[in-house]
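Descriptive structure summary
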Amino acid sequence: MSYSRRSIVPSIVVMATAALTVGMAPAATAVTGIDGPALAKQLVTKVDVNNVNRHLIALQRISDATGGRRAASTEGHKRSAEYVATKLEQAGYTVTRQEFPFTYAETLAEKLTVAGADVPIIIMSYSPSTPAGGITAPLAVVPVDDTSGCEAADYAGGVAGKIALIQRGGCSFAQKQATAAEAGAVGAIVYNNVPGPVNGTLGDPAAGKIPTGGITQADGQALAAKNGASVTLDLRAFQEARTSYNVIAETKTGRKDNVVMLGAHLDSVTEGPGINDNGTGSAALLETALQLGSKPKAGNAVRFGWWSAEEFGLVGSTHYVNSLSFEQQLDIALYLNYDMIGSPNAAYFAYDGDDSDGVGAGAGPYGSAQLEKTLVDYLEKGKGVPVEGTDFTGRSDYGQFIAVGIPAGGLFTGAEGVKTAAQAAKWGGSANVPYDKCYHQACDNLGNVDRVALERNSDAVAWALGVYATSTENINGVPAGKAAKSTAVRAAERSAQRSMTASVQADDHHGVVAA
């Protein structure tokens, strides 16, 4: 999951201390009422969580051998990508390694000091750096409304030479800091509009105008009462141009003009091995691909993508989509994204394709609602696990697919967000504790995975793939087996033609004899 360097902060730890611990997840209810294509049922049976976990062990060992991380352009990512690619090639897939350029960034300093006390802060990806030791300036609190800090008028109180404190929401982080910079601010601090820290990106190295970091809602609200206080902001990162590559694999059977595509980012952050984020999605995708095989008896071709540089702003998946012509984009019937599907304090979220929750970005392209329903129905009816919607926030690799009109969906078990008491009662785990307490940290290792959630979600990955490899008719009107049917019809027509020819020849011969 993109956009963070580190996320666990003292305010979250305090909440964890007072957590309501529910313990083991409630037993799933009895399964009834789920039916689907034979391929979907077969894949669910064949995809074994023990094999998925074996891939996670491999990623952990690769990380251990390469400096404790698998970030894009590092040796850890290269070995991870070759582990995936080699297994797919051995299984007979057509595999492509797609190289692309990006700007690598690694955090050097993150510190915010107010009146001698440290306030935890996370530098935003592609933020400009402060000088060593930071910058000291008065705090300028930007008024709160639905678009705080998005417009020049928000800075009418004067921020020249000051560090702006801005509430999240209403526009991008890049726009907030750029508007603050235009008003004369020398730094920007964005605080959350919901509980938890802000893990942000400015999206592009060229977008950064002033040093910018994110803090929690609680810390931001406390600072909002200290307008004019002297603060020191020390945010520094190393950046350089590098290359990395995506791994793309496609089946050799099925329609090539109605491709079912699934993806997961393979890279970790620079701080840790990234076993939940996103070893879990990558491993489930790999095992599903291996069990599907390169020549399945399916109406539609299946394409898998293991993206790189997701943690630097969705670079790999964006490059992939933008490298396709319009006609090649039309060949993709749908995209399913799996990013963090085994969080240790797991939630069960499906992307809100129909915007039934009415939160944030709105509905996905036509077909997204159907993808959501397929995943939700499987988990609820097939596994007895209730599911909630999660907004298309733009924080994962579905982003560019949606931008060009490709329907998208997927599953997510939560990142730095905090599990509510109602969710803990429903799913088990601990209330008032992050879904993943090790999100974007060194402790995101093999001990940071809920394997019950991983098994349920791996089965859901397999199920949805089997459903749509068979038919995408409810997504785009393309019926099941059209290509196969056309071939069969042509064969029947040829057979009928041969029979007719033979019959005519027999009649002709009979006529000659009769004469």
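Residues numbered from 1 in each chain as written. Predicted model: local features only at pLDDT ≥ 70, side-chain atom pairs only at ≥ 80, totals over all residues. Heavy atoms only, no water.

All right, on to unusual backbone geometry then. Here the residue pair aspartate 277 and asparagine 278 is connected by a cis peptide bond, since its omega of 0° sits within 30 degrees of zero. Along the polypeptide, asparagine 278 turns up in helix H7 (residues 275-292). For serine 73, which is not glycine, the phi torsion reads 80° and is therefore positive. Within the fold, serine 73 resides in the loop between helix H3 (49-65) and helix H4 (75-90). Positive phi outside glycine occurs at aspartate 355, with the angle close to 55°. (Helix = DSSP H or I, 4+ residues; strand = E, 2+ residues; numbered from the N terminus.)

Our focus in this paragraph is the packing of helix H2 (residues 38-46) against helix H13 (residues 451-470). How two helices sit against one another is set out by the angle between their axes and by the gap between those axes. Look at H2 against H13: their axes get within 7 Å of each other, and the N-to-C directions meet at 155°. The angle between H2 and H13 places the two elements in the roughly antiparallel class. Crossing handedness for the pair H2 and H13: right-handed. Here Leu39, Ala40, Lys41, Leu43 and Val44 of H2 lie close against H13, whose contacting residues are Asp459, Ala462, Trp463, Leu465, Gly466, Val467, Ala469 and Thr470. (Axes fitted to C-alpha atoms, helices over the stretch in contact; angles between N-to-C directions. Parallel < 35°, antiparallel > 145°, perpendicular 65-115°, else oblique. Left-handed = near helix turned anticlockwise from the far one by under 90°. Contact = heavy atoms within 4.5 Å.)

Between its first and last C-alpha atoms H13 spans 28 Å; for 20 residues at 1.5 Å apiece the expected length is 28 Å, and the two agree. Among the 20 residues that make up H13, 16 are buried, leaving the element largely enclosed by the rest of the structure. The N-terminus of H13 is capped by aspartate 450, whose side-chain oxygen sits 2.9 Å from the backbone nitrogen of valine 452. (Expected span 1.5 Å × (residues − 1). Buried < 20%, exposed > 50% of the residue type's maximum accessible area, 1.4 Å probe, protein only. Polar contact = N/O pair within 3.5 Å; in protein donor to acceptor, adjacent residues only side chain to side chain.)

Here we take up the packing of aromatic side chains. Taken as a whole and assessed by the stated rule, the structure comprises 18 aromatic pairs. Ring centres 6.0 Å apart and planes at 80° place the aromatic pair tyrosine 93 and phenylalanine 304 in the edge-to-face group. Placement of tyrosine 93 in the loop between H4 and strand E2 (94-114) and of phenylalanine 304 in strand E11 (residues 300-307) is noted, with a sequence separation of 211 residues between them. The exposure class assigned to tyrosine 93 is buried, which follows from its relative accessible area of 5%. Residue class for phenylalanine 304 comes out buried when judged on its relative accessible area of 0%. (Phe/Tyr/Trp six-rings, centres within 6.5 Å; stacked < 30°, edge-to-face > 60°.)

This next bit is on the state of the cysteines. Counting across every chain of the model gives two disulfides. The disulfide partner of cysteine 150 is cysteine 171, and the gap between their sulfur atoms is 2.1 Å. As the torsion about the S-S bond is roughly -95°, the cysteine 150-cysteine 171 disulfide counts as left-handed. Of this pair, cysteine 150 sits in the loop between strand E5 (135-141) and strand E6 (163-167) while cysteine 171 sits in the loop between E6 and helix H5 (173-182), and the two are 21 residues apart along the sequence. Overall, cysteine 150 belongs to the buried group, its relative accessible area being 7%. In the protein, the bonded cysteines, taken in the order they occur along the sequence, pair up as 1-2, 3-4. (Disulfide = S-S within 2.5 Å.)

Formed by 61 residues in total, the largest nonpolar core has its most connected members in Leu88, Val247, Leu262, Phe304, Trp306, Tyr338 and Leu465. At 10 residues, the largest contribution of residues to this core is made by H13. Setting aside residues no more than four positions away along its own chain, phenylalanine 304 makes contact with Tyr93, Val247, Ile248, Ala249, Met261, Leu262, Leu285, Ala289, Leu292 and Leu465. Grouped together as the second largest cluster of nonpolar side chains are 27 residues, Ile332, Phe349, Tyr351 and Tyr435 included. (Core = buried A, V, L, I, M, F, W, Y, C linked by side-chain atoms within 4.5 Å.)

A few words now on the side chain of asparagine 448. Of note, asparagine 448 is situated in the loop between strand E16 (430-431) and H13. For asparagine 448, a relative accessible area of 1% corresponds to the buried category. Here asparagine 448 is in contact with Asn276, Gly342, Pro344, Asp436, Lys437, Cys438 and Cys443, once residues within four sequence places are set aside.

The subject of this paragraph is the confidence of the model for the protein. Confidence along the protein averages 90 in pLDDT terms, with 87% of residues attaining 70 or more. Confidence scores differ between elements of the protein, with helix H1 (residues 10-17) showing the lowest mean pLDDT of 34 and E11 the highest of 99. This stretch, residues 4-24, has a pLDDT under 50; its non-local contacts, to residues over four places away or in other chains, come to 60 contacts. Here residues 500-515 is a poorly scored stretch, pLDDT under 50, and it has zero contacts once near neighbours within four places are set aside; other chains count. (pLDDT = per-residue confidence, 0-100.)

Right, let's get into the packing of H3 against H13. Packing of H3 against H13 brings their axes to within 10 Å, and their N-to-C directions diverge by 115°. Compared by their axis directions, H3 and H13 come out roughly perpendicular. In terms of crossing hand, the pair formed by H3 and H13 is right-handed. In this structure, H3 contributes Val49, Val52, Asn53 and Leu56 to the contact, and H13 contributes Arg451, Leu454, Glu455 and Ser458.

Glancing now at the pattern of salt bridges. For the coordinates displayed, the defined rule picks out 14 salt bridges. Across the pair glutamate 416 and arginine 395 runs a salt bridge, and its minimum N-O distance is 3.0 Å. Residue glutamate 416 is located in the loop between strand E15 (408-412) and helix H12 (421-427), and its partner arginine 395 is located in the loop between strand E14 (388-390) and helix H11 (399-403); the two are separated by 21 residues in the primary sequence. There is no split in this pair, since glutamate 416 and arginine 395 are both buried. Several salt bridges converge on common partners, so that one network encompasses Glu82, Glu89 and Arg97. (Salt bridge = Lys/Arg side-chain N within 4 Å of Asp/Glu carboxyl O.)

Here the focus is the pairing of strand E9 (residues 230-250). When E2 meets E9, the two strands line up antiparallel, connected through 20 bridges. Looking at the pairing, glutamate 106 lines up with phenylalanine 238 of E9. With four bridges joining them, E5 and E9 adopt antiparallel strand pairing. Among the inter-strand pairings, threonine 136 is bridged to a residue of E9, identified as threonine 232. (Pairing = 2+ DSSP bridges.)

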